[in-house]
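Architecture at a glance
Take a look at the letters that make up each chain.
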Amino acid sequence: MDAIDSVCPFCGVGCGLRLQVAEGRVQQILPVPGHPVSDGRLCAKGWNAAFAIEPEGRLQTPLIREGKRFREAGWDEALALVAENFRAALSLHGPQQVGVISCARATNEDNYAAQKFARAVLGTHNIDHCARICHSPSVAGLSQTLGSGAMSNSMADIEQADLIVVWGADVSENHAVFGGRILRAKERGARLIVVDPRVTRLAHVADSHLQLKLGSNIALVNALLQVIFSEGLQNSDFLAQHVDNVELLQRHVAACTPEWAEPLSGIPAEVMRQFAREYAGSTHAFLCYGMGITQFAHGTNNVIALADLALVCGHLGHAGAGINPLRGQNNVQGACDMGCLPNVYPGYQRTDDMQVCEKFAAAWQRSQPPGPGMTSLAMMNAARRGEFAALMIMGEDPVVTDPDQHQVHRALQALDFLVVIELTLTETAKLADVVLPAASFAEKDGTFSNCERRMQRVRKAIAAPGLALEDWRILGLLAARMGYQGRGYKGMAWQQADEIFDEMVALSPLFSAMSWTRLSPQGLQWPCDATHPDGLAVLHTQGFATRNGRAQLLPVSHVGPAECPDAEYPLAFTTHRLHYHYGCGSMTRRAPLLERETPDGLLFMNPDDAIRAGLQDHAPVAVQSRRGYVETRVIFCDDMPKGLVTMPYHFREVPSNRLTNDVQDPVTRMPELKACAVKVSALAHAPRSVQQLDAEK
Ligand SMILES: Nc1nc2c(c(=O)[nH]1)N[C@H]1C(S)=C(S)[C@@H](COP(=O)(O)OP(=O)(O)OC[C@H]3O[C@@H](n4cnc5c(=O)[nH]c(N)nc54)[C@H](O)[C@@H]3O)O[C@H]1N2
Ligand SMILES: Nc1nc2c(c(=O)[nH]1)N[C@H]1C(S)=C(S)[C@@H](COP(=O)(O)OP(=O)(O)OC[C@H]3O[C@@H](n4cnc5c(=O)[nH]c(N)nc54)[C@H](O)[C@@H]3O)O[C@H]1N2
Ligand code: SF4
Ligand SMILES: [Mo]
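The structure reproduced in this document is the subject of the present report. Since we're looking at a predicted model, the values are computed, not measured.

1. Quick word on the side chain of Arg198
Residue position: Arg198 is located in the loop between β9 (191-195) and α8 (201-205). The class of Arg198 is buried, set by a relative accessible area of 14%. A polar atom in the side chain of Arg198 sits 2.8 Å from the side chain of Asp170. Among all residues touching Arg198, those that are not within four sequence positions of it are Asp170, Ala203, His209, Gln211, His576, Asp639, Met640, Pro641 and Thr646.

In structure tokens, the structure reads:
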């Protein structure tokens, strides 16, 4: 068999996969020995990645809607139809009513092409992707405080930490190979503290678990800061040298005593005091966090609170100490880096900076509108109001993964035209006017950027099934049909992925010292430029990339979730992930071994609550919120605190996003995916899927 080294297409850890190929198929996947991130290890999803891309069940030709059905078509006809519809939308409604949602699972080259298509061909900054509902609060919150929204450390330097704090992240499930590293660091002697309302696997083995109430992160952080300041535990040298607004923050938290925070967070005051002393007193505190921080209507403030905490203790700027948003998707860091956001071009060059717009206008030979454009949820809202005409969704399944599914349906159905570029016919693709078949990670060359800013090579191992093509090639063909035909920078007629990479590097100072050949074998971590020609493993070692070079403390205040339990909806509801499934499930649910482990979307509930409600373990239940209704089975689970229930969001038959609340963070438009209120009742019959329920209506 041929062995081709590539990168895992699931989570942001970015493990090395060795694809064993024979007879034009990936026969087996093995870990890459000596890989800088995974060092010969993989989790269950990595081992099973070949099932996710098998040709059976994949889209093999373009599909064109005819009434309620699709018919197969060739590229010529399908692309002509897409071009015609975008042209019509542009001429009738202008560039503010068209947009692109790109794909954090596709390569950097695909994503570069997506934003260039939006900006140079459609003439709009309406480009966004799932980072919006993932780590956009990290990008906003850490940029304001530290000057960069990325992970400050490398995963490997956890070996040097004496204290590891895991805050609102279920690392053993969701970043499993890194979760293993945390366990090994703990065995080596590092202390581990987990802050999570659920008893996660790491919480079971942690030295301390702060089982806070849902959505009370800021109350807890402000109390920790109050203890640190009042006991004089802050790192005064670091603050004097590198940080502004110390007194402002100190005054702001002066009244936030642990006794004040105890009823809000549910954590005993003395436990907060111990945590504050331990965090402030450790020499290398590695703080990492996830969706338990970001997925709130106050997500940006949650992130700022954590940055304040790390700064006050000086836990930044050296190996083993930092603040680390564990980026979720295999290439979500890359999709952001490539400028698939409404306010930045590739390399975080701002769309509201005239010089930047002029630079891209000159390179691409297309005039550039001033930014920013619309976020993904803003495009959806506009569509529902009848103010958005044509949308391209490249590799996302918002019907399953965006909040408030009924509203998402309404938005997509209100569009004049929807085109979806996908590997399979997802729930979202089923609503499209045209569906275009994309090549998967194993069928194309390119790069992915993992959560620690490491850009790594992805290699073509097999041919794509049927007529499927790389996303960038599809976009290039479409651009040409829409009159944007040039070679080089002033067009999208690339022949190979490395031409796109070279164009991206030439236009982005942040990546200016990168080259295609230098990416092998270990990848390169940005910034990779004249000052850091070999990239950078740890950020903030020489101060901060803010306007004055100093980090900015920002006072933030506690606010609870927008929707709390009440008499009608008495239970707090949250959503989480399962190790064996990924995102909308469209890839992992094709793997029999993964599907066998967790075949269904279940409701996890504290046994006392369940018994009091007259439920039996595994019994069918109805779960209802103000927005929707689903049926499933209840699982008694000691890891759940009383008063809180949770459901995974991977299952199209039981979509927890029928229930979730799309109230949004004012800064980033992040919806509150982690908190709303539901009622649960026993069902006298087996649970029905939402597809059955909708058909019965
Ligand atoms: N197996 C698997 N792995 C994945 C994914 C997947 O779908 N499946 N998705 C990938 C993606 S896109 C992402 S973004 C990452 C996400 O990875 P994580 O951030 O780990 O994701 P979640 O499981 O959604 O939520 C994390 C934790 O937040 C906790 N939490 C909820 N509310 C609060 C709160 O108010 N405070 C605190 N402190 N904690 C709270 C939950 O109990 C949960 O344990 O995973 C990536 N990896
Ligand atoms: N309730 C609730 N909802 C959530 C979350 C939550 O915690 N709770 N988490 C949110 C988060 S953090 C995220 S990141 C989102 C994720 O939301 P999505 O991005 O919608 O989820 P994925 O399953 O990653 O979907 C990606 C799609 O891309 C396709 N794909 C893979 N590779 C390629 C490629 O190379 N080209 C193309 N064109 N397509 C490709 C896959 O087939 C898949 O259907 O979900 C969010 N939704
Ligand atoms: S930890 Fe993430 S990158 Fe590594 S094998 Fe598992 S899913 Fe893939
Ligand atoms: Mo994510």
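More follows now that the structure is in view.
2. Quick notes on the site of ligand 2
Residues in contact with ligand 2 amount to 34 residues; listed here are only the nearest, Thr401, Glu422, Asp471, Cys584 and Ser586. The contact in question runs from an oxygen atom of ligand 2 to an N or O atom on the side chain of Gln295, over 3.1 Å. Within the side chain of Arg577, an N or O atom sits 3.0 Å from a nitrogen atom of ligand 2. For ligand 2, the accessible surface in isolation is 920 Å², of which the surrounding protein chains cover 98%. Its residues assigned to classes, the shell around ligand 2 comprises 16 nonpolar, ten polar and eight charged.

3. Let's talk about the sheet that holds strand β17 (residues 417-422)
Strand pairing within a sheet occurs via backbone hydrogen bonds; the two strands may be parallel or antiparallel. Spatial ordering of the open sheet is given by β5-β4-β18-β17-β16-β6-β7, a layout of seven strands whose pairing is mixed. Each edge of the open sheet carries a strand with a single partner, namely β5 (69-72) and β7 (127-128). The strands that helix α18 (residues 376-384) touches are β6 (98-101), β7 and β16 (390-394); relative to β6, the one it contacts most, it runs at about 135°. Sheet strands in contact with helix α21 (residues 471-481) are β16, β17 and β18 (434-437), and its direction is about 155° off that of β16.

4. Structural notes on the packing of helix α9 (residues 217-230) against helix α11 (residues 246-253)
Packing of α9 against α11 leaves a shortest axis separation of 9 Å and a crossing angle of 110°. By the angle class used here, α9 and α11 are roughly perpendicular. In the packing of α9 onto α11, the handedness of the crossing is left-handed. Contact residues: α9 offers Asn222, Leu225, Gln226 and Phe229, while α11 offers Val246, Leu249, Gln250, His252 and Val253. Classifying every residue of the contact of α9 with α11 gives five nonpolar, four polar and no charged.

5. Quick notes on the pattern of salt bridges
If you walk through the whole model with that rule in mind, you get 42 salt bridges. Across the pair Glu278 and Arg191 runs a salt bridge, and its minimum N-O distance is 2.7 Å. Placement of the pair is Glu278 in helix α13 (residues 269-281) and Arg191 in strand β9, with a sequence separation of 87 residues. Salt-bridge contacts for Glu597 lead to Arg596; the nearest nitrogen and oxygen are separated by 3.7 Å. Connected via shared salt-bridge partners are Lys186, Arg191, Asp207 and Glu278.

6. Quick look at the layout of surface pockets
Put simply, the largest pocket is a space of about 1300 Å³. The biggest single contributor to the lining of the largest pocket is helix α5 (residues 136-146), with five residues. Residue composition of the lining of the largest pocket, by class: 19 nonpolar, 20 polar and five charged. The calculated volume of the second largest pocket comes to roughly 340 Å³. Together, 17 residues line the second largest pocket, and Arg198, His576, Leu578, Phe604 and Asp639 are the ones closest to its centre. By residue class, the composition of the lining of the second largest pocket is seven nonpolar, four polar and six charged.

7. A word on the sheet that holds β9
With parallel pairing, five strands are arranged side by side in an open sheet as β10-β9-β8-β12-β13. Looking along the sheet, the strands with just one partner apiece sit at the ends: β10 (208-210) and β13 (322-325). For this sheet the average axis-to-axis angle between neighbouring strands, irrespective of direction, equals 15°. Across four bridges, strand β12 (residues 285-289) lies against β13 in parallel orientation. In the strand pairing of β13, Cys288 is matched with Asn324. Taken strand by strand, α5 contacts β12 and β13, and its axis lies near 160° from that of β13. Sheet strands touched by α9: β8 (163-167), β9 and β10. Its angle to β8, the strand with the most contacts, is close to 150°.

Cut-offs applied
Counting restarts for each chain, with residues numbered from 1 along the sequence as it is written. Naming scheme: in the order in which they are written, chains are lettered from A and ligands are numbered from 1. Per-residue local features are limited, in this predicted model, to residues with pLDDT of at least 70; the limit for side-chain atom pairs, both in listing and counting, is 80 or more; totals at the level of whole chains, interfaces and linings are taken over all residues. Note that water and hydrogens are dropped before the side-chain values are worked out from all heavy atoms of the structure. Strands here mean DSSP runs of E at least two residues long; helices mean DSSP runs of H or I at least four residues long; both are numbered from the N terminus. Buried means the residue's accessible area, taken with a 1.4 Å probe over protein chains only, is under 20% of the maximum for its type, while exposed means over 50%, and partly exposed covers the values in between. As used in this structure description, the phrase polar contact means that two N or O atoms lie within 3.5 Å; if the pair is within protein, one of them must be able to donate a hydrogen and the other to accept it, and residues adjacent in sequence are counted only when both atoms belong to side chains. Contacts were defined at the residue level, with two residues in contact if any of their heavy atoms lie within 4.5 Å. Residues are classed as near a molecule or strand on a simple rule: at least one heavy atom within 4 Å of it. Each accessible area value is a Shrake-Rupley result obtained with a 1.4 Å probe; residue values ignore everything except the protein chains displayed when judging cover. In the scheme used here, Gly and all other residues not listed as nonpolar or charged are polar, with Ala, Val, Leu, Ile, Met, Phe, Trp, Tyr, Cys and Pro taken as nonpolar and Asp, Glu, Lys and Arg as charged. Strand pairing is assigned whenever DSSP detects at least two bridges linking the two strands. Interaxial angles span 0 to 180 degrees and are taken between N-to-C directions of axes, which are lines fitted to C-alpha atoms, for helices over the stretch in contact. Our angle categories are set so that under 35 degrees counts as roughly parallel, over 145 as roughly antiparallel, 65 to 115 as roughly perpendicular, and the remainder as oblique. Working rule for handedness: look at the near helix, and if it is turned counterclockwise from the far one by less than a right angle, call the crossing left-handed; if clockwise, right-handed. The salt bridge definition used is simple: a Lys or Arg side-chain nitrogen within 4 Å of an Asp or Glu carboxyl oxygen. With a 1 Å grid laid over protein atoms only, a set of points is called a cavity when a 1.4 Å probe fits there but cannot get out and a pocket when it is open yet has protein on both sides within 12 Å along at least five of seven lines; lining residues have an atom within 4 Å of a point. Grid points are joined across faces, edges and corners, and a volume is the space filled by probe spheres set on the points.

Keep in mind these values describe shape, not function.
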